[in-house]
Structures are given as C-alpha cells and as structure tokens.
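# Fold and geometry: a report
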Amino acid sequence: MNTNQKCQVLFTVIGASAILSACSGAPVKEVKIEAPQFKVTDAAPGGREAWLDNPNYWADKDGQDTDNFYYFTGDAQSADKRMSCENAQANAIDDIAKQVSTFVDTSIARAATDSTGNDSNGMTASSASQTETSKLSSQLTKALVTGIEKKKQYWEQRDYSEKGGAKSIYYCWVLTKVSKKKVADLITRAETIRFKDDPALKEKVEDKLVGIQKEFEKYMQAH
C-alpha cells in the first residue's frame with residue numbers, strides 16, 4: 001500500500017470516528033413549532049412589505065424623501081375592514097404624538113437629573129416625566145389634525161375559528177408620513193406645555209436642550 005492509499009484509509013477512519021462520536025453525543029432536543037392561531041383567508045394585493053416592521057428603514061431603501069419626512073405606522077383590528085383601517089390611521093397619528101412626548105419627557109428628565117436630583121414635589125425628575133407623558137401625548141395628538149399623509153395600507157382577513165375564535169377579523173396596517181418641520185413644531189409645543197406650569201424647571205434644563213431637534217433624528221433612527 002503506497003503513501004496516498006495509507007492516507008486515504010487513515011482519513012476514512014478518522015472521518016468515521018468523528019461521525020460516530022457526533023452520533024453518540026447528547027440527544028438532540030425536539031423543537032416544537034407552535035401551530036398558527038389563525039389562517040389568512042383574504043388580504044390586500046401585493047402582500048406584506050418591509051414598512052410594516054420598520055417604516056423609516058423601508059422609506060430610506062425605497063427612495064422616499066427621508067430628508068424632509070418621518071414615517072410612522074399604526075395598526076388595528078375589527079370585524080369591519082373599513083373600521084379597522086380607520087382605527088389604524090388614528091393609531092398611527094397617536095404613535096407620532098407618543099414618540100414625541102416620550103422623547104421630550106425623557107430628554108427633560110435626563111437634563112433635570114443632571115441639574116438636580118429632585119423636583120419641588122420631592123419626586124425624581126424621571127418619575128415626574130412618566131406621570132405626565134400620557135397627558136402630554138393626548139395634547140399633542142390634538143395638534144396633528146392636519147399635516148399627516150397616508151402613504152400605504154395593508155390588511156388581512158383572519159379566521160380564528162379552528163382555535164375557538166372569531167370566523168372573520170380584519171387586521172389593518174397604515175403607513176403615514178409627516179414633515180420633519182411638523183415634528184419640530186410638535187417638539188417645541190411639547191416643551192412649552194411641560195414648562196408652562198414649572199418655569200423653574202425650564203431654567204434648569206433649557207441650556208441642556210439645545211440641539212434637541214437633532215437628537216430626535218437619532219432617536220428615530222434607533223426606533
């Protein structure tokens with residue numbers, strides 16, 4: 001037997017040993033895949049798109065005007081398709097207000113914490129922010145009656161009857177766009193509302209909030 005033949009036999013033995021060793025290892029655990037809770041019986045033409053999961057990433061890749069606009073989504077469900085999509089549009093508007101109010105309150109709370117540990121009520125700046133965020137969001141939503149454009153809409157009709165649920169439920173998703181100028185005005189409005197009843201807070205944090213508009217751009221990239 002020449003050297004090459006010996007090597008081939010040796011490699012064959014080593015390979016077989018490795019396979020036997022792998023097979024004799026710990027048993028492979030079965031991963032149970034949960035059965036779908038529903039089946040889609042009808043849907044909007046074109047199928048699901050990337051904007052459903054990450055609207056601003058989709059907008060950038062799709063060549064949309066991301067220099068001047070932000071993109072937001074909303075979703076809703078109802079037994080009625082029209083109602084589902086109307087609610088999805090309303091929820092998209094709510095999401096804009098929530099994102100801005102959360103960002104502004106977090107920014108103010110962080111700036112206030114840097115300045116002092118407690119506010120006049122003995123609460124931390126952070127906890128005070130959490131208390132007011134929902135109220136602030138509601139007030140901002142009222143300022144978004146105009147200036148929101150619906151870009152896309154997708155819906156599905158789902159059947160949950162096999163799992164004991166409803167026979168027909170419509171899920172709808174809406175993609176909206178809003179100008180960055182509109183959002184900048186909304187951020188300014190949010191600051192005004194927050195500082196209206198607490199001029200002392202404004203004095204503490206105003207110099208730390210310079211450039212808050214640019215910071216919102218970073219915030220949106222992370223969300």
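Residues numbered from 1 in each chain as written. Predicted model: local features only at pLDDT ≥ 70, side-chain atom pairs only at ≥ 80, totals over all residues. Heavy atoms only, no water.

Right, let's talk about the state of the cysteines for a bit. By the definition in use, this model includes one disulfide. Each sulfur in the disulfide pair C85 and C172 lies 2.1 Å from the other. In this structure the cystine formed by C85 and C172 twists about its S-S bond by roughly 100 degrees; its chirality is therefore right-handed. Of this pair, C85 sits in helix α3 (residues 81-115) while C172 is found in strand β4 (residues 169-179), placing the two residues 87 residues apart along the sequence. Here C85 matches C172 in class, with each residue buried. (Disulfide = S-S within 2.5 Å. Helix = DSSP H or I, 4+ residues; strand = E, 2+ residues; numbered from the N terminus. Buried < 20%, exposed > 50% of the residue type's maximum accessible area, 1.4 Å probe, protein only.)

Among the residues of helix α7 (residues 212-221), I212, F216, Y219 and M220 are the ones counted as buried. An end-on view of α7 places all buried positions within 95 degrees of arc, on one side of the element. Pointing more than 90 degrees away from the buried face of α7 are the exposed residues K214, K218 and Q221. (Arc of directions from axis to C-beta.)

Pairing within the open sheet is antiparallel, and its four strands lie in the order β1-β3-β4-β2. Each edge of the sheet is formed by a strand with only one pairing partner; in this case those strands are β1 (39-43) and β2 (69-78). The sheet shows a mean angle of 25 degrees between the axes of neighbouring strands, taken without regard to direction. Pairing of β2 with β4 involves ten bridges; the strand directions are antiparallel. For G74, the partnering residue across the bridge sits in β4 and is V174. Against the sheet, helix α5 (residues 180-196) contacts β2 and β4, and its axis sits at roughly 90 degrees relative to β4. (Pairing = 2+ DSSP bridges. Axes fitted to C-alpha atoms, helices over the stretch in contact; angles between N-to-C directions. Contact = heavy atoms within 4.5 Å.)

What follows covers α5. In this model, α5 (17 residues) spans 24 Å end to end at C-alpha, consistent with the 24 Å of a helix rising 1.5 Å per residue. For α5, the set of buried residues is K180, V183, A184, L186, I187, A190, E191, R194 and F195. Looking straight down α5, one finds its buried side chains confined to an arc of 165 degrees; they lie on one side. The exposed residues of α5 that point more than 90 degrees off its buried face are K181, T192 and K196. (Expected span 1.5 Å × (residues − 1).)

So, on to the packing of aromatic side chains. In the structure shown here, the tally under the stated rule is nine aromatic pairs. With a centroid separation of 5.3 Å and an interplanar angle of 50 degrees, the aromatic rings of F103 and Y219 are classed as tilted. Residue F103 is located in helix α3, and its partner Y219 is located in helix α7; the two are separated by 116 residues in the primary sequence. The residues F103 and Y219 share a single accessibility class, namely buried. Joined through ring pairs, the aromatic side chains of F38, Y154, Y160, Y171 and W173 make up one cluster. The ring of W173 carries R48 above its face, with NZ or CZ at 5.1 Å from the centroid. (Phe/Tyr/Trp six-rings, centres within 6.5 Å; stacked < 30°, edge-to-face > 60°. Lys NZ or Arg CZ within 6 Å of the ring centre and 35° of its normal.)

Viewed as axis vectors pointing N to C, α5 and α7 meet at an angle of 115 degrees, and their least axial separation amounts to 10 Å. Where α5 crosses over α7, the handedness of that crossing is right-handed. Residues K180, V183, A184, I187, T188 and E191 of α5 pack against I212, Q213, F216 and E217 of α7. Taken together, the residues of the contact of α5 with α7 break down into five nonpolar, two polar and three charged. (Left-handed = near helix turned anticlockwise from the far one by under 90°. Nonpolar A, V, L, I, M, F, W, Y, C, P; charged D, E, K, R; others polar.)

We now examine the side chain of S101. Summarising the element assignment, S101 is placed in helix α3. Owing to a relative accessible area of 0%, S101 belongs among the buried residues under this scheme. A polar side-chain atom of S101 sits 3.1 Å from the main-chain carbonyl oxygen of K98. Aside from chain neighbours lying at most four places away, what touches S101 is T133, L136, S137 and L140. (Polar contact = N/O pair within 3.5 Å; in protein donor to acceptor, adjacent residues only side chain to side chain.)

With that out of the way, let us pick up the confidence of the model for the chain. Looking at the chain, pLDDT values average 82 and 77% of them are 70 or higher. The model gives residues 2-23 a pLDDT under 50, and that stretch makes two contacts with residues more than four places away or in other chains. Scored below 50 in pLDDT, residues 122-128 makes twelve contacts in the model with residues more than four places away or belonging to other chains. (pLDDT = per-residue confidence, 0-100.)

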